[in-house]
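Tertiary structure, described
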Amino acid sequence: MSSADALKRKAAEAALKYIDGISILGIGTGSTVNHFIELLAERKSNIEGAVSSSDASTELLKKIGIPVLNLNSVGDLDIYIDGADEINPHLQLIKGGGGALTREKIIAAASRKFVCIADAGKKVDVLGAFPLPVEVIPMARSYVSRQMVKLGGSPQLREGFITDNGNQIIDVHNLEILQPIEMEQTINNIPGVVTMGIFAMRPADVVLLGDENGIQTLTV
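Residues numbered from 1 in each chain as written. Predicted model: local features only at pLDDT ≥ 70, side-chain atom pairs only at ≥ 80, totals over all residues. Heavy atoms only, no water.

1. Section: the packing of aromatic side chains
Within this structure, the stated rule accounts for 1 aromatic pair. Centre to centre, the rings of tyrosine 80 and phenylalanine 114 are 5.1 Å apart; their planes meet at 45°, and the pair counts as tilted. Taken together, the residues tyrosine 80 in strand E3 (residues 77-82) and phenylalanine 114 in strand E6 (residues 111-119) connect sequence positions 34 residues apart. Per residue, the accessibility class of tyrosine 80 equals that of phenylalanine 114, and both read buried. One cation-aromatic arrangement involves lysine 95 over phenylalanine 199; the distance from NZ or CZ to the ring centre is 5.4 Å. The cationic tip of lysine 105 hangs over the ring face of phenylalanine 199; the distance from NZ or CZ to the ring centre is 5.0 Å. (Phe/Tyr/Trp six-rings, centres within 6.5 Å; stacked < 30°, edge-to-face > 60°. Helix = DSSP H or I, 4+ residues; strand = E, 2+ residues; numbered from the N terminus. Buried < 20%, exposed > 50% of the residue type's maximum accessible area, 1.4 Å probe, protein only. Lys NZ or Arg CZ within 6 Å of the ring centre and 35° of its normal.)

Here is the structure:
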């Protein structure tokens, strides 16, 4: 296991205490979450099921024998566990490097507690060094890209990638996101945008960061 993977594993292990007594989990997507799903194999007898944010996570959950449930059937969730590509001091995030941002945002909104797990390298002072993913209806790709330029970004189509929802992703480079809530609202209001990867209106409640010395626990 690489050193980066070891830090992700630490964060995933630290999240296990947050699911004690919870039988239905919200599960995100990505390399750190993959570690968390692996760890769930030992606890699956206590887990009734999970709501998954992506086809990839669904496949892993089914592989270890955890039923995957429809959010429409279970209603609000007690907890959502997911990673992030960037995390600022207010626990506002950029997510979507793996392309599952729309379902991630829905499950986060439907969850009472959002526990974000990551390696310490994901912590930043200002969001935006990581390209901001924007999921778009295909016919709106060029229009939305022009609006991103007006906002100061450099949009780039994620070539050869289609989301689980059948849409495309524009990765917007060179943004310095000083007001994440306002930027989230502005981009979400552009016709053709399904959603985008700033998680500021619904930030994380707890962030668990794996570093060389153990776990940093961040709360607002």
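2. Focus on the pattern of salt bridges
Throughout the structure, instances matching the rule amount to 10 salt bridges. Residue glutamate 38 pairs with arginine 9 through a salt bridge whose shortest N-O separation is 2.7 Å. With glutamate 38 in helix H2 (residues 31-40) and arginine 9 in helix H1 (residues 3-15), this residue pair connects regions lying 29 residues apart in the sequence. Residues lysine 105 and glutamate 184 are paired through a salt bridge, measuring 3.0 Å at the closest nitrogen-oxygen approach. Taken together, the positions of lysine 105 in helix H5 (residues 101-109) and glutamate 184 in helix H7 (residues 180-188) put the pair 79 residues apart, joining distant regions of the chain. For the pair lysine 105 and glutamate 184, a shared accessibility class is recorded, and that class is buried. Ionic contacts of the salt-bridge type, sharing partners, join the residues Asp82, Lys95 and Glu104 into one network. (Salt bridge = Lys/Arg side-chain N within 4 Å of Asp/Glu carboxyl O.)

3. Brief notes about the packing of H1 against H2
The interhelical angle for the contact between H1 and H2, taken along N-to-C directions, is 50°, at an axis separation of 8 Å. Looking at the two axes, H1 sits oblique to H2. Considering only the axes of H1 and H2, their crossing is right-handed. Contacts between H1 and H2 pair Asp5, Lys8, Arg9, Ala12, Glu13 and Ala15 from the former with Ser31, Thr32, His35, Phe36, Glu38 and Leu39 from the latter. Counted by class, the contact of H1 with H2 contains 4 nonpolar, 3 polar and 5 charged residues. (Axes fitted to C-alpha atoms, helices over the stretch in contact; angles between N-to-C directions. Parallel < 35°, antiparallel > 145°, perpendicular 65-115°, else oblique. Left-handed = near helix turned anticlockwise from the far one by under 90°. Contact = heavy atoms within 4.5 Å. Nonpolar A, V, L, I, M, F, W, Y, C, P; charged D, E, K, R; others polar.)

4. Re the side chain of arginine 158
With respect to the element layout, arginine 158 can be found in the loop between strand E8 (154-157) and strand E9 (168-173). Look past the residues within four positions of arginine 158 in its chain and what remains in contact with it is Gly96, Gly97, Gly98, Gly99, Pro133, Ile169 and Asp171.

5. As for the sheet that holds E8
Read from one edge of the open sheet, 4 strands run E8-E9-E7-E10, paired in antiparallel fashion. This sheet does not close on itself; its edge strands, each paired only once, are E8 and strand E10 (193-196). Across the sheet, the mean angle from the axis of one strand to that of its neighbour is 30°, orientation sign disregarded. Here 4 bridges tie E8 to E9, and the two strands are oriented antiparallel to one another. Bridged to proline 155 within E9 is valine 172. Those strands touched by H5 are strand E7 (132-136), E9 and E10, and its axis lies near 65° from that of E10. (Pairing = 2+ DSSP bridges.)

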